[in-house]
Amino acid sequence: MSRFLPEEFIEEVRGINEISDVISEYIHLEPKGKNLFGLCPFHSEKTPSFSVDPTRQIYHCFGCGQGGNVFTFIMGLEKLDFVDAVKFLADRKGIDLPSSPRWAGNEDFVERSQLLMDINREAALFYHDRLFSPEGEGALNYLRSRGLSKATIKAFGLGYAPDAWEVTKNFLTEKGFKEQDLADAGLTVDRNGRVYDRFRNRIIYPIIDHRDRVLGFGGRVMDDAIPKYMNSPESQVFKKNSILFGLNLAIKQRPIHSLIIVEGYMDVIALYQSGFYNAVASLGTALTANHAKLMRRYTPDIFIAYDGDTAGQAATVRSLDVLRGAGCNVKVIRFPNGMDPDDALRSQGTEYFSKLIQKAAPLIEFKLEHLLSEYDLDDQEQKVDYATKAANILLKVENPLERDVYIQRLNKITGFKPELLYRLITQIENRTKQQGLKRKIIGNNRHTMGIKHPSSKVSLSIKAEEDLLRLMMMGKKYATDILAMLEDLEFEDSTHVKVITIIRDLLAGGIEPNPASILNYIEDDQERSKVLDIFRLEIEYDNVDRYILDCIKELRRSQLERQGRDLKEQILRLNNAGSSDSDEYMELVEKLRATTLKTKLGRFGKEEVM
Ligand SMILES: [Zn+2]
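Residues numbered from 1 in each chain as written. Predicted model: local features only at pLDDT ≥ 70, side-chain atom pairs only at ≥ 80, totals over all residues. Heavy atoms only, no water.

Before going further, it helps to spend a moment on the coordination of the zinc ion. Taken together, the protein donors to the zinc ion comprise Cys 40 (SG), His 43 (ND1), Cys 61 (SG) and Cys 64 (SG), at separations of 2.1 to 2.3 Å. For the zinc ion, the four donor atoms are set out with angles of 101 to 121° between them, so the coordination reads as tetrahedral. Coordination of the zinc ion draws on donor residues from a single chain, spaced C-x2-H-x17-C-x2-C in sequence. With His 43 in the loop between β2 (35-38) and β3 (50-53) and Cys 64 in the loop between β4 (58-61) and β5 (67-68), the pair connects residues that are 21 residues apart, well separated along the chain. (Donors = N, O, S within 2.8 Å, 3.2 Å for Na, K, Ca; no water. Tetrahedral: all angles 85-135°; square planar, octahedral: opposite > 155°, others 65-115°. Helix = DSSP H or I, 4+ residues; strand = E, 2+ residues; numbered from the N terminus.)

This is how it looks when you write it as structure tokens:
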């Protein structure tokens, strides 16, 4: 995780900003039991379901599921990124940002980032000036021919990189920047010792982040030269998977009702030119969870407006899930005949585009439509397949009226009677429930291990992992001891693995692990709420030490079981390959026998695990 501030400082700032004090400055909190409750600031509600837990220094909303520590709260409400939230809270308590020598390494990093951004800013101004100079005439004409006004060109700071090898380099070195720094900013290329400008004879799109910092550049040719588009290489400050082109301008419009995500720079600029100031684009990469979270910070309502061609539609399907995962309400703007937003605006005009926005398809509708495009309904078999897949999509629609609308539509498309479609959905639903039930029964039968099991949905070993993580929050000593006891044992759940790695790192840095600090390192929203759920729950036990041993035992048992399963698979494979008389086969069978025996006898000593 790239951070501009030292961990100890972050921890200090978190420690002195008592979470209920901070939150009380935004909403009214009233004590109820051990926690405090208030009206959630992240969703609208009439009865308080937003709880603050002063012991663990975390908050959680039972209504919308938002939760986190004091930093995520400030990030959400003040619309700040992590580093700025830390600075905000440091400022709240009147403490200075780290400047003592012990932060030297990080300070270098901050200074270096600042230097690269300064260089980029100077370069952007240079390119922009060139656009309006005689040598930029062709480029300017090109932009005008695409319908861009001077105001739009200025708003985006568009520029022109001259058709020469060293002008940008010379301009910047004369400003006092070192050649090496220009190279690090990605502005020059070194070919066998010859250093020259990366961008030549191209229209330049400065890539500016939501805090108005110039992080890199995109360059586009005006003829048929290749590559058509060229971006700055990734640098210390330029990270493609977390920057959205146009976001700096989109968020200057208040209030922000929604954001439109498009495929390219030109789409963003064309929309802006037509008065749609809320468009953003990722930089030629697929939409990532980072992008989604960045947008979600400003508004949950996102429109996807990717090109109408096959590639655009495939990207739409992928992005839908990413955005949903970040808690966004997503709708899809559909363009006729493979058009893109720029085409639609230029050929049909602004009003037409507004209509397309109004008619944007909600998630389910789009998914059903997209699914339809993959099937040939004249083929009976494919029709059944389509209806079954569609029923699976409709499972997720909770509102019965809404579900009915889709069922009626499905009926029209497929000809299957609505009653039949309803029955299909119920069938799938029941099957899913039964599978859940089966897991529950298995869970209950294993109750003999001494681990109490409040939510029987998870397997016992997963529960043991969760409980161990909770127990590690009892203090440094417990955390260290449990880590030592785990030794060769590996957690099964990937989030749990991540949490335990964080705990190990915190301990190594001399920081006592606690839920609020751990949350600093969990960037994914879904994962964060999973971690919050772990730490919010109390565990019941009679004797801590015995309980820890029970959990470890359970992990050992489950590891043996997994090993047994693996062995069985290998044996089966050899069997199928006709090698059941090989030495390897006999060895595996012997191992399996021993493993099964150990599992049965409940002898879970480490040395006995093969
Ligand atoms: Zn809420």
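We now examine helix α15 (residues 350-358). Among the residues of α15, those classed as buried are Phe 353, Leu 356 and Ile 357. The arc that holds the buried residues of α15, viewed along the axis, is 100°, so those residues lie on one side. Turned more than 90 degrees away from the buried face of α15 sit Glu 351 and Gln 358, all of them exposed. Where the residues of α15 are buried, they touch β13 (259-262), α11 (265-273), β15 (301-304) and α14 (341-348). (Buried < 20%, exposed > 50% of the residue type's maximum accessible area, 1.4 Å probe, protein only. Arc of directions from axis to C-beta. Contact = heavy atoms within 4.5 Å.)

On to the pairing of β4, then. Of the two faces of β4, the one carrying Ile 58 and His 60 and the one carrying Tyr 59 and Cys 61 are both buried. Pairing of β3 with β4, which is carried by four bridges, proceeds in the antiparallel orientation. In the sheet register, Val 52 faces β4, and the bridge partner there is Tyr 59. Note: β4 against β5, two bridges, orientation antiparallel. Looking across to β5, one finds that Tyr 59 is bridged to Gly 68. Counting the residues in the hairpin turn of β4 and β5 gives five residues, including Gly 65, whose phi is positive at 85°. (Pairing = 2+ DSSP bridges.)

Turning our eyes to something else, we now look at the sheet that holds strand β6 (residues 159-161). Reading across from one edge, β6-β9-β10-β11 is the order of the four strands in this open sheet, with antiparallel pairing throughout. One side of each edge strand has no neighbouring strand; the edge strands of this open sheet are β6 and β11 (229-231). The average undirected angle you get between the axes of adjacent strands in this sheet is 35°. Pairing geometry for strand β9 (residues 202-208) and strand β10 (residues 214-220), over six bridges, is antiparallel. Looking at the pairing, Ile 204 lines up with Gly 219 of β10. Along the sheet face, α11 touches β9, β10 and β11 and points at about 80° away from the line of β9. (Axes fitted to C-alpha atoms, helices over the stretch in contact; angles between N-to-C directions.)

Moving on to the environment of Ala 123. Assignment of secondary structure puts Ala 123 in helix α5 (residues 104-131). With 276 residues separating them along the chain, Ala 123 and Asn 399 place their C-alpha atoms 54 Å apart. If sequence neighbours within four positions are ignored, Ala 123 has contacts with Leu 172, Leu 187 and Phe 217.

The predicted model of the protein averages 84 in pLDDT, with 92% of residues at 70 or higher. Confidence drops under pLDDT 50 across residues 437-457; counting only partners more than four residues distant or on other chains, this segment forms 31 contacts. Overall, residues 604-610 carries pLDDT values under 50, and its contacts beyond four positions in sequence, including any with other chains, amount to 21 contacts. (pLDDT = per-residue confidence, 0-100.)

Moving on, we come to the nonpolar core. Taken as a class, soluble globular proteins show a tendency for nonpolar side chains to be buried jointly. One finds Tyr 127, Phe 217, Phe 245 and Ile 333 to be the most contacted residues of the largest nonpolar core, which totals 61 residues. Element by element, the count of residues in this core is highest for α5, at eight residues. Of the domains in this structure, domain 2 (106-238) and domain 3 (248-368) are the two that each give at least three residues to this core. Not counting the four nearest positions on each side in its chain, Phe 245 is found in contact with Phe 156, Tyr 205, Pro 206, Ile 207, Tyr 265, Val 268, Ile 269, Ala 279, Val 280, Ala 281 and Leu 283. Ile 58, Ile 502, Ile 503 and Val 544 belong to the second largest nonpolar core, which has 35 residues in total. (Core = buried A, V, L, I, M, F, W, Y, C linked by side-chain atoms within 4.5 Å. Domains from an automatic or database assignment.)

In this fold, Asp 550 is placed in helix α25 (residues 544-576). A relative accessible area of 13% places Asp 550 in the buried class. C-alpha of Asp 550 to C-alpha of Leu 115: the two residues are 435 residues apart in sequence and 55 Å apart in space.

Within this structure, the stated rule accounts for two cavities of 30 Å³ or more. Volume-wise, the largest cavity comes out at about 50 Å³. As for the largest cavity, its lining consists of Ala 155, Phe 156, Pro 206, Ile 208, Phe 245, Gly 246, Asn 248 and Leu 249. At the level of elements, α7 (150-156), β9 and α10 (247-250) are the ones that each hand at least two residues to the lining of the largest cavity. Each pocket or cavity is described by its volume, and for the second largest cavity that value is around 40 Å³. (1 Å grid on protein atoms, 1.4 Å probe; cavity = no way out; pocket = protein on both sides within 12 Å on 5 of 7 lines; lining within 4 Å. Points joined across faces, edges and corners; volume = space filled by probe spheres on them.)

Turning next to α25. End to end, α25 covers 48 Å across 33 residues, agreeing with the expected 48 Å (1.5 Å per residue, within 8%). Directly beyond the C-terminal end of α25, a positive phi value near 75° is found at Gly 578. (Expected span 1.5 Å × (residues − 1).)

Moving on, we get to the environment of Asp 84. Tracing the chain through its elements places Asp 84 in helix α4 (residues 82-92). Considered as a pair, Asp 84 and Thr 480 are 396 residues apart in the sequence and their alpha carbons are 32 Å apart.

Our next topic: the packing of aromatic side chains. Considering all chains together, one arrives at 23 aromatic pairs under this definition. Ring geometry for Phe 42 and Tyr 59: centres 6.2 Å apart, planes at 20°, overall stacked. One end of the pair, Phe 42, is in the loop between β2 and β3; the other, Tyr 59, is in strand β4, and 17 residues separate them in sequence. For the pair shown, Phe 42 and Tyr 59 are each scored as buried. Residues Phe 156 and Tyr 272 carry aromatic rings whose centres are separated by 5.0 Å and whose planes lie at 80° to one another, so their mutual orientation is edge-to-face. In this pair, Phe 156 sits in helix α7 while Tyr 272 sits in helix α11, placing the two residues 116 residues apart along the sequence. One aromatic cluster is present, built from ring pairs that chain together Phe 156, Tyr 205, Tyr 229, Phe 245, Tyr 265, Tyr 272 and Tyr 277. One cation-aromatic arrangement involves Lys 154 over Phe 132; the distance from NZ or CZ to the ring centre is 4.9 Å. Over the ring of Trp 165 we find Arg 194, and its NZ or CZ is 4.9 Å from the ring centre. (Phe/Tyr/Trp six-rings, centres within 6.5 Å; stacked < 30°, edge-to-face > 60°. Lys NZ or Arg CZ within 6 Å of the ring centre and 35° of its normal.)

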